[in-house]
Amino acid sequence: MDELIAFYKNLNEVLKQTSKDIQDSASAERTMFDATLQRERQMSEADGLNYSEEELEEIAMKQVENSASRQRRDNAIERLEAALDG
């Protein structure tokens, strides 16, 4: 019985931290995406590349996908999965 209680206590803590990490990541990623998209627009115009809005969004999203924020989110999800496995 003590093991089950310890499991649920640990799971509760991991769920709280995972939720926080995902919320923080979402906020950071939105900010990063917006800033990166703006910067890519400016560079495209300055370099005369004339990328479409879709191309600029793809470039910005690739940078978000490779960000430290995304890595923290993915690590949080992995910790949750490990906690669920016991």
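Residues numbered from 1 in each chain as written. Predicted model: local features only at pLDDT ≥ 70, side-chain atom pairs only at ≥ 80, totals over all residues. Heavy atoms only, no water.

Enquirer: Would you mind going over the overall build of the protein in detail, with residue names and values included?
Expert: From N to C terminus, the protein includes 3 helices and 0 strands. Going from the N terminus to the C terminus, the protein shows its helices and strands as α-α-α. For 86 residues, the compact-globule estimate of 2.2 N^0.38 gives 12 Å, and the C-alpha radius of gyration of the protein, at 19 Å, exceeds that figure by more than 25%. Dimensions of the protein, computed from C-alpha atoms along their principal axes, come out at roughly 70 × 15 × 15 Å. Relative to its full complement of 86 residues, the protein shows a buried share of 23%. Across the protein, every contact between residues at least 6 apart in sequence was considered, and the portion connecting residues at least 24 apart equals 70%. When the accessible surface of the protein is summed, it comes to about 6,300 Å², and 50% of that surface belongs to carbon and sulfur atoms. Distance between charge centroids for the protein: 6 Å, based on 11 positive and 20 negative side chains. (Helix = DSSP H or I, 4+ residues; strand = E, 2+ residues; numbered from the N terminus. Rg over C-alpha atoms; globule rule 2.2 N^0.38 Å. Buried < 20%, exposed > 50% of the residue type's maximum accessible area, 1.4 Å probe, protein only. Contact = heavy atoms within 4.5 Å. Areas by Shrake-Rupley, 256 points an atom, 1.4 Å probe, with all protein chains shown as cover. Lys, Arg positive; Asp, Glu negative; His and termini not counted. Charge placed at Lys NZ, Arg CZ, Asp CG, Glu CD.)

Enquirer: Report on the side chain of S44, specifying residues and quantitative values.
Expert: Of note, S44 is situated in helix α1 (residues 2–47). Owing to a relative accessible area of 3%, S44 belongs among the buried residues under this scheme.

Enquirer: Now, about the environment of Q71: what can you tell me, with residues and values included?
Expert: Structurally, the position occupied by Q71 is in helix α3 (residues 68–85). Spatially, the C-alpha atoms of Q71 and T31 are 16 Å apart, while their sequence positions differ by 40 residues.

Enquirer: Kindly report on the side chain of R70, identifying the contributing residues and their values.
Expert: Along the chain, R70 falls in helix α3. On the basis of relative accessibility, which here comes to 14%, the residue R70 falls in the buried class. The contacts of R70, once residues within four sequence positions are left out, are S25, E29, M61, V64 and E65.

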